[in-house]
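# Results of the structural survey
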Amino acid sequence: MFPKINPTQTKAWRKLKAYYLTHHSMNMNELFDNDVNRFDKFSIEFEEILFDYSKNIANDKTIELLVDLANECQLSAAIQAMFTGEKINETEDRAVLHTALKSFSDEEILVDDENITPLVQVERRRIEKLCNEIHSGKWKGYTGKNIKYIVNIGVGGSDLGPAMVNEALKPYWLDGIKSYFISNVDSANLLEVVSEINFDETLFIIASKTFTTQETFTNANTIKEMFLEECRNEDFIQKHFIAITGNKQAANDFGILNGNIYKIWDWVCGRFSLWGSMGISIALTIGYDNYEQLLKGANSADQHFVNEDFNKNIPVIMGLLSIWYINFFNAQSEAVLPYSHHLSKFKAYLQQAAMESNGKNIDRNGFPVNYKTGVAIWGEVGTNGQHSYHQLLHQGTQFIPCDLIIPIGTHSTLDDHQNKLICNAIAQTEALLKGRTVKEVDGLANTTAENENYKVFDGNRPSNTILLKKLNPYNLGSLLAFYEHKIFVQGVIWNIFSFDQWGVELGKELSKSKLDSINKGGISGEFDSSTNGLLNRLLKLQVN
Ligand SMILES: O=P(O)(O)OC[C@H]1O[C@](O)(CO)[C@@H](O)[C@@H]1O
């Protein structure tokens, strides 16, 4: 296992702190003026992706010190430990091998003395077979019709990744197939989907690693009841329901036979699970070949992460710059700004991936951390965000590093729109960098001594720009893998366990006792006065 190092005790951390104190007012505009090669030096090309990190408050020395920090925190050993199946998720005693799901190599990876590579390959072949049967029309619904609607019922990692990818790759949807996602236990979600599908043309995917999650179980049971009410034959469940789970028995108890159960292992963390059977809704919607392209792009990014030097390694630099801002500049949040309508669900996916992973306050030695860890991630697709919160990004008092994700190629034929979209994105990075001085404001129309201050922008606000030649399955796979590994890099340096999620348990437990009280029809002062008051009001309003 790689060592458990408090980052603040490293030499590099101390040096970074000192460097921050003397250089935090470093001006990026001067850095550009003083180095004509800054863009070339601080950008990394990876296949069809360009990662430009030149618009950051960082120079050669900063990057050198950050890389030193990664080395002192034994990042290489940590990467090696994850990829070879060491049980780095110690609080759950699990290996973390979502990377194995993307691999196309026959290399052996051992978990508890079992080689998992063939298991992954078998499951992948099963997904391919399922796609072939559904897409060829060999798989029929109970009235003899083909499957037209794919409905994924899951929540958290069993929903967000697949839902985001399906949305991102809408231009690749196969003719005649439409996919839907039911995640919220709010019945509005379920009823909306039900109103758009026909049960006899639908494949329901019950996606739950544990098969015990309250929301998913409730939605799955309601759908099953509705389905049986319509077809009145339990045998038809096998034509319309499959499960993705590590809890075969619970799926059997639900009524799904083994042939319709696809496996997720405990060495796959839910929020990084879209690469395996959790991605069945993706494969069914965009076709198996495109789904494989997604995995291949991700696998290639994994290889980049494993093999590149840290100072040319996209996820390492992403993670280190983020640490620079969070731990030294005291950034409280990061904005992710995809300039693509199809990436509208990217932020929600990334929020779980980053915040469930690194929102931790106990270190790997079991002690409270004495430094900041994960921050809030937020954002909206461009240009919509520009007409909303970009005011705060440019002139607010918060320090918010931004990532702008810009696919260049478009799937539509409206080049004029695409050029406007991209130019808006690049202009935002320029405005964040340059700002606008009083002198520049002076020349503007209608500017007076009274209003000139309002038109001044400080600038010097950092951003990364990620250009993709096109938002296709391969490039999307690479992009997602980069963010996954950025999160991993941060977790290693913060010395926290990024792959458990104990923080979500308390709310789940407490909700059960509330439900018991409601079902009993009365509250007898068992909770705090606010909780009692809210529940009593609920009961009163339900009665009326
Ligand atoms: O797939 P399951 O077991 O239903 O869990 C769904 C989600 O719930 C969580 O455990 C947290 O609530 C996530 O980590 C997970 O992605």
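Values in this document were obtained by computation on a predicted structure and should not be read as measured data. (Residues numbered from 1 in each chain as written. Predicted model: local features only at pLDDT ≥ 70, side-chain atom pairs only at ≥ 80, totals over all residues. Heavy atoms only, no water.)

Let us look at the site of the ligand. The local shell around the ligand holds 14 residues, among which Ser158, Ser208, Thr210, Thr213 and Glu356 are the closest. Contact between the ligand and Lys508: an oxygen atom at 3.3 Å from a side-chain N or O atom of the residue. For the ligand, the accessible surface in isolation is 390 Å², of which the surrounding protein chains cover 87%. A per-class count over the shell around the ligand returns two nonpolar, eight polar and four charged. (Near = heavy atom within 4 Å. Polar contact = N/O pair within 3.5 Å; in protein donor to acceptor, adjacent residues only side chain to side chain. Areas by Shrake-Rupley, 256 points an atom, 1.4 Å probe, with all protein chains shown as cover. Nonpolar A, V, L, I, M, F, W, Y, C, P; charged D, E, K, R; others polar.)

For Gln490, the position within the fold is in helix 20 (residues 473–494). The exposure class of Gln490 is buried, given its relative accessible area of 5%. Within the structure, Gln490 has its side chain in polar contact with the side chain of Ser322 (distance 2.5 Å). Sequence-distant contacts of Gln490, defined by excluding residues within four places in its chain, comprise Gly319, Ser322, Ile323, Ile326, Glu334 and Asn358. (Helix = DSSP H or I, 4+ residues; strand = E, 2+ residues; numbered from the N terminus. Buried < 20%, exposed > 50% of the residue type's maximum accessible area, 1.4 Å probe, protein only. Contact = heavy atoms within 4.5 Å.)

Turning our attention to the UniProt feature "active site" (unreviewed entry) in the chain. On the UniProt side, "active site" (unreviewed entry) is annotated at positions that read Glu356, His387 and Lys508 here. Across 153 residues, the annotated set is spatially dispersed, with a maximum C-alpha separation of 37.0 Å. For His387, the position within the fold is in the loop between strand 11 (376–378) and helix 17 (390–395). (UniProt positions renumbered as here; feature names shortened; annotations may be inferred.)

Extensive coverage of strand 12 (residues 402–409) is indicated by the burial of six of its eight residues. One ladder, built from four bridges, connects strand 10 (residues 333–338) with strand 12; its direction is parallel. Along strand 12, the bridge assignment pairs Leu337 with Leu404. Two elements, strand 12 and strand 13 (residues 463–470), share seven bridges in a ladder whose sense is parallel. Bridging from a neighbouring strand, Asp403 pairs with Asn464 of strand 13. (Pairing = 2+ DSSP bridges.)

One turn of the α-helix equals 3.6 residues, which is why residues spaced by three or four share an orientation. Judged by how many residues are buried, helix 8 (residues 160–168) sits mostly within the fold: eight of nine residues are covered. By the burial criterion, the buried members of helix 8 are Gly161, Pro162, Ala163, Met164, Val165, Asn166, Glu167 and Ala168. Where helix 8 is buried, its residues meet strand 6 (178–182), helix 13 (280–286), helix 14 (288–307), helix 16 (346–358) and helix 20.

What follows deals with the side chain of Lys55. The residue Lys55 is located in the loop between strand 2 (49–52) and helix 4 (60–72) in this model. Here Lys55 occupies a buried position and makes no salt bridge, while the nearest side chain of opposite charge, Asp52, is found at 4.5 Å. Apart from the residues lying within four places of it in its own chain, the contact partners of Lys55 are Met28, Phe32, Thr429, Glu430, Leu433, Pro462 and Ser463. (Lys, Arg positive; Asp, Glu negative; His and termini not counted. Salt bridge = Lys/Arg side-chain N within 4 Å of Asp/Glu carboxyl O.)

This part is about the pattern of salt bridges. A complete count under the given rule lists 25 salt bridges for this structure. One salt bridge connects Asp500 with Lys360, and the closest N-O pair in it is separated by 2.9 Å. One end of the pair, Asp500, is in the loop between helix 20 and helix 21 (505–520); the other, Lys360, is in the loop between helix 16 and strand 11, and 140 residues separate them in sequence. Note on accessibility: Asp500 and Lys360 belong to one class, buried. Residues joined in a network through salt bridges with shared partners are Arg125, Glu128, Glu292 and Lys296.

Here the bond from Gly382 into Thr383 is cis, since omega is 0°, no more than 30 degrees from zero. Structurally, the position occupied by Thr383 is in the loop between strand 11 and helix 17. A positive phi is found at Glu47, a non-glycine position, where the angle reads about 45°. Within the fold, Glu47 resides in the loop between strand 1 (43–46) and strand 2. Notably, Phe211 is not glycine yet its phi reads approximately 55°, a positive angle. Locating Phe211 in the fold gives a position in the loop between strand 7 (202–207) and helix 10 (214–231). In this structure Phe211 comes out as buried when scored by relative accessible area, which is 3%.

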